[in-house]
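Structural characterization, general
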Amino acid sequence: MGERKVLNKYYPPDFDPSKLPRVRRPKNQQMKVRMMLPMSIRCNTCGNYIYKGTKFNSRKEDVIGETYLGIQIFRFYFKCTKCSAEITMTTDPQNSDYVVESGATRNFEPWRAEDEEAEKERQKRESEEMGDAMKSLENRTLDSKREMDILAALDEMKSMKSRHATVSVDAMLEVLQRTAAEKRRKVSEEVSSNPTDALTKASSLDGPSSKETSSESGNRQAKAPFKPSITISVVKKPVLAANGNVPGQSEEKFANNTSTGLQSLCQNYESDDD
């Protein structure tokens, strides 16, 4: 089995290649080539779209009399995948591309339009700088300024990336914890400096019931001064007068009567409010 796959051929010792007859082949002889479609096209016969990368068998021949800087131009014949209509295309070594000759049209490609616009701008600039030295100097100055701006932007991006690379995860967590601790400390200081503000804030967040209770407590606090909570009485040793009566006894009775009258009035006032 191994002998069947040998690629080397035996040449006898008396073999002379110059004695072999030369085969005369036509210049436009066609040969079969298996290739892939280098661009997307649309068939003119049936309107079928043939996309880039489609594999097919084609016939290749030399285009007689057409070369570019000594490079031969080739023509390819292949058929549509739907209607089998023949389509031809040729190589374009000047633009490193292919040109569809007949049987189909090339689909629109945005990058080709961009390249064409860039080529037109380049040719226009070259024609302007052809006889104007000042214009060429201005263009070179603008190009150098643009390059400097690009380099500055690149340096800034590199420095930013290096700064981000030096920061570790542990350092970031430590900074976040420190900032959170500082915020908590500030809040505690504010509460300790103004405790009444914290109480008022808490009472305002309670709701309508807290407002009613606070109003009732305020009313009670306003009524509190009218209620005698503590009575202080000073008793002196009575001194007998000449007529046998204690001097100031009548005045003391009058004061006691007035105090009991005030107490009864305050109690009646509270009962009415309740």
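Procedures and definitions
- Residues numbered from 1 in each chain as written.
- Predicted model: local features only at pLDDT ≥ 70, side-chain atom pairs only at ≥ 80, totals over all residues.
- Heavy atoms only, no water.
- UniProt positions renumbered as here; feature names shortened; annotations may be inferred.
- Helix = DSSP H or I, 4+ residues; strand = E, 2+ residues; numbered from the N terminus.
- Buried < 20%, exposed > 50% of the residue type's maximum accessible area, 1.4 Å probe, protein only.
- Areas by Shrake-Rupley, 256 points an atom, 1.4 Å probe, with all protein chains shown as cover.
- Pairing = 2+ DSSP bridges.
- Axes fitted to C-alpha atoms, helices over the stretch in contact; angles between N-to-C directions.
- Patch = residues over 30% accessible without salt bridge, like charges linked within 9 Å, V, L, I, M, F, W, Y side chains within 5 Å.
- Salt bridge = Lys/Arg side-chain N within 4 Å of Asp/Glu carboxyl O.
- Lys, Arg positive; Asp, Glu negative; His and termini not counted.
- Charge placed at Lys NZ, Arg CZ, Asp CG, Glu CD.
- Contact = heavy atoms within 4.5 Å.
- Parallel < 35°, antiparallel > 145°, perpendicular 65-115°, else oblique.
- Nonpolar A, V, L, I, M, F, W, Y, C, P; charged D, E, K, R; others polar.
- pLDDT = per-residue confidence, 0-100.

An unreviewed UniProt entry annotates the chain as Splicing factor YJU2 of Durio zibethinus. The Subcellular location (unreviewed entry) comment attached to the chain in UniProt states, word for word, "Nucleus".

1. Observations regarding the overall build of the chain
A tally of helices and strands in the chain yields 6 helices and 8 strands. For the chain, the succession of helices and strands along the chain, N to C, is β-β-β-β-β-β-β-β-α-α-α-α-α-α. When burial is assessed residue by residue, the chain has 13% of its 274 residues classed as buried. Split by element, the accessible area of the chain, about 23700 Å² in all, is 55% carbon and sulfur.

2. Let's talk about the sheet that holds strand β6 (residues 86-92)
Two orientations exist for strands paired in a sheet by backbone hydrogen bonds: parallel and antiparallel. Strand order in this open sheet of 5 strands is β1-β4-β5-β6-β7, and the pairing throughout is antiparallel. On the outer flanks of this sheet lie β1 (31-36) and β7 (97-102), each paired with one strand and no other. Adjacent strand axes in the sheet meet at a mean angle of 40° when their direction is disregarded. Sheet analysis places strand β5 (residues 71-79) next to β6, joined by 5 bridges and oriented antiparallel. Across the sheet, residue Lys 79 finds its bridge partner in β6, namely Glu 86.

3. Overview of a negative patch on the surface
Together, Glu 114, Asp 115, Glu 116, Glu 117, Glu 121, Glu 128, Asp 132 and Glu 138 give the surface a local cluster of negative charge. Take the negative patch: its biggest share by element is 6 residues, from helix α1 (residues 110-129). Looking at the secondary structure, you find Glu 121 in helix α1.

4. Describing the UniProt feature "binding site: Zn(2+)" (unreviewed entry) in the chain
In the numbering used here, UniProt assigns the "binding site: Zn(2+)" (unreviewed entry) feature to Cys 43, Cys 46, Cys 80 and Cys 83. Spanning 41 residues, the annotated positions come together in the fold, the maximum distance between their C-alpha atoms being 8.9 Å. With a relative accessible area of 30%, Cys 46 lands in the partly exposed category. With near-sequence residues (within four places) excluded, Cys 46 lies in contact with Cys 80, Lys 82 and Cys 83. Along the chain, Cys 83 turns up in the loop between β5 and β6. Not counting residues within four places of it along the chain, the set of residues in contact with Cys 83 comprises Cys 43, Thr 45 and Cys 46.

5. Thoughts on unusual backbone geometry
What is expected of a backbone is that most residues other than glycine have negative phi and most peptide bonds are trans. Unusually for a residue other than glycine, Ser 84 sits at a positive phi of about 60°. Within the secondary structure, Ser 84 is located in the loop between β5 and β6. The class of Ser 84 is partly exposed, set by a relative accessible area of 48%. With phi around 55°, Ser 96 is a residue other than glycine that occupies positive phi space. For Ser 96, the location among the structural elements is in the loop between β6 and β7.

6. Things to note about the pattern of salt bridges
Following the criterion strictly, the structure yields 12 salt bridges and no others. Note that Arg 125 is salt-bridged to Asp 143, the shortest N-O span being 2.5 Å. Taken together, the positions of Arg 125 in helix α1 and Asp 143 in helix α2 (residues 133-166) put the pair 18 residues apart, joining distant regions of the chain. Accessibility expressed as a relative area gives 31% for Arg 125, which makes it partly exposed. Sharing partners across several salt bridges, the network here consists of Arg 125, Glu 129, Asp 143 and Arg 146.

7. Regarding the packing of α1 against α2
Direction vectors running N to C along α1 and α2 enclose 135°, while the axes themselves pass 8 Å from each other. For the element pair α1 / α2, the angle class is oblique. Judged by residue contacts, Arg 125, Glu 128 and Glu 129 of α1 engage Lys 135, Ser 136, Asn 139, Arg 140 and Asp 143 from α2. Split by residue class, the contact of α1 with α2 holds no nonpolar, 2 polar and 6 charged.

8. Considerations on the sheet that holds strand β2 (residues 41-43)
Here we have 3 strands laid out as an open sheet, ordered β3-β2-β8, and antiparallel in their pairing. Taken across any chain shown, the strands that pair with only one partner, and hence form the sheet edges, are β3 (49-50) and β8 (104-106). Looking at chain direction, β2 and β3 are connected through 2 bridges and run antiparallel. Considered in β3, the bridge of Ile 41 is made with Ile 50.

9. Considerations on the confidence of the model for the chain
For residues with low pLDDT, the predicted coordinates do not support detailed interpretation. Per-residue confidence for the chain averages 76 on the pLDDT scale, and 68% of its residues sit at or above 70. Note that residues 210-214 has pLDDT below 50 and, in this model, 1 contact with residues that lie over four places away or in other chains. In this model residues 220-228 is a low-confidence stretch, pLDDT under 50, and it forms 7 contacts with partners more than four residues away in sequence or in other chains.

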